[in-house]
Amino acid sequence: MAWPRTRTLAHWWRLCLGLFSIVVWLVPCVNLQPAENINYNLVHSWADKLGMELFHLGDFITRRKEVQESFKEAKVVSRNGASIVDSMAKEIEMMMDLKVSAVRRIMDTAENTALSHQNDLADKMFSYYNAKEMLEPGDPFPPIPTPAPDMDKDIGEPLIYVQPKVVVLEKRPEFHNTPVNFSVSSVHVPVNVFDRAPDVIKAIQWSENLDQIFRDNYKNDPTLSWQFFGSSTGFMRQFPASKWNKDVPVDLYDCRLRSWYMEAATSPKDIVILMDGSGSMLGQRLDIAKHVVNTILDTLGTNDFVNIFTFAKEVSPVVSCFEDLLIQANLDNIRELKEGIESFKPKSIANYTAALTFAFELLEDTKSSSRGAQCNQAIMVIGDGAPENNRAVFELHNWRDPPYKPVRVFTYLIGKEVANWDDIRWMACENQGYYVHLSDTAEVREMVLNYIPVMARPLVLGRHDHPVIWSQVYADIEDTKLSDYLWEIKQCEEQKADVLEYWQVQDRMLEPSEMHRREYRRMKETWNQPVDSNVYQFMTTVSMPIYDRRENANITEEVLINEALWELQTRETRIANILGVAGTDVPINDIKKLLSPFMLGVNGYAFIVTNNGYILFHPDFRPIFQGYILKPSYNSVDMIEVELLDDDKGARDFNPVLLTIRDSIINQSTGSKWMLVKNHFDEMKRVIRIKRQYYWTAIKKTPFTLVISYPEQYGVSRMDIRTEQEIHRVNIKGTNIRSFFDGKRWKIHPDWLFCKHSNRTFKTPEIELLYFLERMSEPGWRWPGSRSAMPPEHAAAMFCDRQLMQALVFDARVTGWFSNKTSWHSKDEKGNEFKQRFGVTLAFLATHSGLTRWHEFHSNGLEDTRIGEAFSQNNTRAIDEIWYKRAVDQHFVREESFVYSVPFDAGESKSEILVTASHAIFHNEGGKAAPAAVVGFQFQHSALYKLFHNITGNACAMDDKDCYILDNNGYVVISTRVHETGRFFGEVNGAIMKRLLEENVYKRVIVYDYQAVCFKSKNDNNASSMLLSPFIHVLRLGKWLLHTALWYIVQLMQWAPGVSAHFADMHGDLNGTEPRPPPEHHERNGHGNGKKKNDDTWLRYLTLHRTRLKTCDMQRELYTLFNEKDNVVYNMTAHACERPFVVLPIPNSNLILLVIDQLCPRDASLILTVNPQTIDYHLPVNDSLACFKQANEFNRVRPQSCISRHANESAIKLCGKGCAVYANLGLLLLCHILSRWL
């Protein structure tokens, strides 16, 4: 009976063979028409069903209709931009007037105190609160140093030890949680200043009397930040007292090098630096000269202009593209000049006459052409001696209008053994300058800073004019030199990590995919440019010069009696000394709190522009990268570099309309204009093209102009409450407004100023708000009138933004049900269904007044607040959240829709991915509409993937199709390969993304980043390869010891001063660049060694290629959906490999569904990316971006204050000391004997 079964099997076998033959016959046709297998109608049904499911989910979870109904009692009013900007400017002006008044009181007190203590003796044992040494109670006292024996007065003084003072410090939030003491001030002394020197300790003594005015100022204005007195001797007295930050490896801070000090101490200046380029300027002399130049550059600010020229037979700029002009001393240009001087090599013979003539002609041309600072002018001459005094040059160019000499000359004589010092000193003394002799790098900073009091003399002689100076934005006490140091440390850490990882994974680390992954990860770190960061405290400072009111003083100086004898003499002479600068900081965040962002609405913002066109702050101001490193030119960002017009122009081809607006702003006019702009957001990975309205007006008595902007589409109207809904009327009805804020599931915008108590601090903004709500419920409550009220109104020590508080209380009242009322119940059948299918974790609501509410959904029915806590930590900024902004913009694309998003590169994470969905609630009244709130929810990405799989069945799981859900900016929300989630689709499938661009599904938008940072190779050889050859270390050590011994022998003999410099130049520091070892053979005994080749590979990969930070421009190609209604592309079917895909919008969302036939060949090498790319301007070989920007510089407005000369200055004869040459008798005797015999 087995035969029927056998026959059946044979039958089936023949049938299978036949079908297989048919398939084989049809295989050649697969590439002809594979895409016909993509059924357009089927894909359409998938999109419709997915959109319907998601929308119903959002509609049910968020209760959006109930939220919209809650706001029906509110009204919609027009937003008056001109009135808003004027009101904000007056608030800022009032606040800034208070700061100026405080500084003026410090200045006046300091001048009077110094005058009354002029006859006090300096007490070298005076004890003061040293910010770097003072102790807190309980801190151990440092051991007393061993007393040093008395030393010769020419070498030094006995050690002076004063026990550190003890102070009680308390953390205060208004000082960024820095421990402070409000009873006393502390003193910071730079490392290059000896605090027991007579002039320094005497100034520390009398300035201690400023503590009382510091305390009075703070009592009068509790919003004051740090107050300080920066002395011309170098120390800074700061109130309240605090310890100095010791986290940095070296204390670089010197108040005299800060912009607030420099700009207050001297009026704007044009400076030409002339550096001797003769062959004698080698070795140590060259090092000293470069240090002098760098220190001069550090004393300049954005209102100054400078250039550096070296002179030998010819005069040449150190930066070739800066020839024959003075450039603005911003951070970018200063950095360019420093790099230029670093590579300078001396040669030939110096021609002082040609150099001085060139400098005078350049300054004359600058002044006559109305370029530069148009105030002070100076020439800085750095060399090792001049052959003559060049009197004829000075008579021709500088002595034509006695007693005035328009150009000051400062001379810096370099070298220990110099003979021709009198001529170079004469140049300075006869041209109202100052002469300095430098023989060691350690004394450079202190000696160079002597030019500041000289240039301040006209200010001091004027006596009564104390210019008020507002600095540009800067990062508190940080120095930009630390950026290079931190970058060096970062590179070393990366190399260390590479070596350690190689020891663990060996050759797997060298796989191309692994190397690419690591490189990409590190590049992503460099692209990390947070807008909001607590790493640095950014601020501006208002400062004022403090004058010595004495007209004459006794000075003691060395006087040359004869050719070899110097004698100390005391005489009375005319003086005009600057004592220092008084100032107070104004944190940028304090200014922002006066701007009422609530009045500007969602996607509205304000910013301030300086007289130079630079931004003081802006929502696109990105001063740091890598999360913690200051950019090289962080505070020289022009307003037209952050306001990007949507005009399809190339990089740095700025629209004339924008330039005209910029001119109006820096000239402090009042105006308004609308512009089409490109606004990027979300880590510069998304962009929107929008029409914005701009209004601007001057902040009086400052160099600042305030600008506000908001979208024209939905910014022209705003929400407002009706009279009967005001807080006091609600209180009259007996309603407790405190009850509107019950529970813990709510937050307010942490950066907005709702109410503030100046004399009390609160743990959180919410606790502070509840305190004021209780106060408002009390009888007799009155609203304080201004954020920066003048005395005596400020005695109440508190402020409330009345309009904002009214809106907040109204929003809290009408939305109180959202957090308390369960959006579904466990018994609700529909709720359980959604819970099971989507894994919804949380629903949220944010209102235009800065209130955020949420409600968690628990999978097991138990109370678990961790989900809400995680949400509230990162999503409390209401209208400033990305999901809020995107939802409001999406409202005008599809009104009944949600915006869905996943984190970027979420697929690389091993944790559960959450999808965030948001929807904007608009309130309509009288034909006007305004955004009132945004509702949303978060749910598990795995549930969305499961829903997508259920809808599409197995169709997208087959090898012949790929299915994607993309958002409106081209990022993958759903993919059959989960690791692609959050990636830009152009990096996943560049060929199809290109087709989507060509068919107008997406539109490319190019965004320029003018604040980018690049990394320029130092062209250094690396020391890591030396690990393989330790013998070379021993050899180099021996060579170093030999050269060091020879150097000391030469120094002791004093036989040939130039020899030591020669050795120092030929044989650099042991820690410098090391040569590579000789290459080893790759073959041994005639046979190739594969392992050796591999070793070379990993060595090259792990070698640290040192780079330096460099300002550059980059561009990103971003993408946005082409939101044209009835886009015909969505009606197109797939057609073979000519169009191997179907794309359709998912209704009620910002998503599209893309189905691709994978059997069609594609160019896998084609990749479209949103990552930044460096812009190549095709510059000449030696030119840089700074050169390109200089050639296309923008207009600026000079500061109003310029005091550059005074008729009585010629009576001041202090211009620096001459050189004391101490002869070596042994050498003289030897020379005498040799001269007899030779």
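Each chain carries its own residue numbering, running from 1 in the written order of its sequence. For this predicted model, a pLDDT threshold of at least 70 governs which residues receive local features, and a threshold of 80 or more governs which side-chain atom pairs are given and counted, while totals over whole chains, interfaces and linings are taken from all residues. Side-chain calculation: all heavy atoms of the structure are included, whereas hydrogens and water are not.

UniProt positions are given in the numbering used here, feature names are shortened, and annotations may be inferred rather than shown by experiment. In its Subcellular location (unreviewed entry) section, the UniProt record describing the chain reads: "Membrane".

Each disulfide is one covalent bond, formed between the sulfur atoms of two cysteines. Note on terminology: pairs of cysteine sulfur atoms within 2.5 Å are recorded as disulfides. For the structure shown, the criterion picks out seven disulfides. Bridging C429 to C1215, the disulfide has an S-S length of 1.9 Å. With the S-S dihedral at roughly 80°, the linkage between C429 and C1215 falls on the right-handed side. Here the residue C429 occupies a position in helix α12 (residues 422–429), and C1215 occupies one in the loop between α34 (1185–1191) and α35 (1225–1237), the gap between them amounting to 786 residues. Here the term buried applies to any residue with accessible area under 20% of the maximum for its type, exposed to any over 50%, and partly exposed to those in between, with areas from a 1.4 Å probe on protein chains only. C429 gets classed as partly exposed once you look at its relative accessible area, which sits at 24%. Secondary structure elements are taken from DSSP: a helix is a run of H or I of four residues or more, a strand is a run of E of two residues or more, and numbering for both begins at the N terminus.

Look at the link from F239 to P240: it is a cis peptide, with omega at 0°. Each neighbour pair has its own omega, and for P402 with P403 the value is 0°, a cis peptide bond. In this structure, S348 takes a positive phi of about 60° despite not being glycine. Within the secondary structure layout, S348 lies in the loop between α9 (331–342) and α10 (352–368). A relative accessible area of 35% means that S348 is categorised as partly exposed. Backbone geometry places A878, a non-glycine residue, at a positive phi of 45°. Positionally, A878 belongs in the loop between α26 (866–874) and α27 (882–891). What makes A878 buried here is its relative accessible area of 0%.

An order of β37-β36-β43-β42 is seen for the four strands of this open sheet, with the pairing classed as antiparallel. Looking along the sheet, the strands with just one partner apiece sit at the ends: β37 (972–975) and β42 (1141–1145). Across the sheet, the mean angle separating the axes of adjacent strands is 20° when strand polarity is ignored. As paired strands, β42 and strand β43 (residues 1152–1157) are joined by five bridges and run antiparallel to one another. Bridge pairing links F1141 to I1156 in β43. Here helix α30 (residues 990–998) sits on the sheet and contacts β36 (961–966), β42 and β43; the angle it forms with β42, its principal contact strand, is near 55°. Should DSSP find at least two bridges between two strands, the strands are taken to pair. The axes are straight lines fitted to the C-alpha atoms, using for helices just the contacting stretch, and the angles between their N-to-C directions are given from 0 to 180°. Residue contacts are defined here by distance: any two heavy atoms, one from each residue, within 4.5 Å place the two residues in contact.

With 294 residues, the main nonpolar core has Y412, Y451, F985 and L996 as its most contacted residues. By residue number, the principal contributor to this core is helix α4 (residues 81–116), which donates 14 residues. Sequence-distant contacts of Y451, that is, excluding residues within four places in its chain, are made with M262, K269, I271, T299, L300, M380, F410 and Y412. Nonpolar core, defined: a set of buried Ala, Val, Leu, Ile, Met, Phe, Trp, Tyr and Cys residues in which side-chain atoms within 4.5 Å join the residues together.

The geometry of an aromatic ring pair is captured by two quantities: the separation of the ring centres and the angle between the planes. Each Phe, Tyr or Trp ring, with Trp reduced to its six-membered ring, pairs with another whose centre is within 6.5 Å; inter-plane angles below 30 degrees give stacked pairs, above 60 give edge-to-face pairs, and intermediate values give tilted ones. Inspection of every chain in the model, using the stated rule, returns 52 aromatic pairs. Each member of the aromatic cluster is reached from another via a ring pair, and the members are F55, F838, F898, Y900, F937 and F939. For a ring to carry a charge above it, either NZ of a lysine or CZ of an arginine must fall within 6 Å of the ring centroid while also lying within 35 degrees of the normal to the ring plane. Above the plane of the ring of W674 lies K691, whose end atom (NZ or CZ) is 3.8 Å from the centre. The ring of Y404 carries R1205 above its face, with NZ or CZ at 4.0 Å from the centroid.

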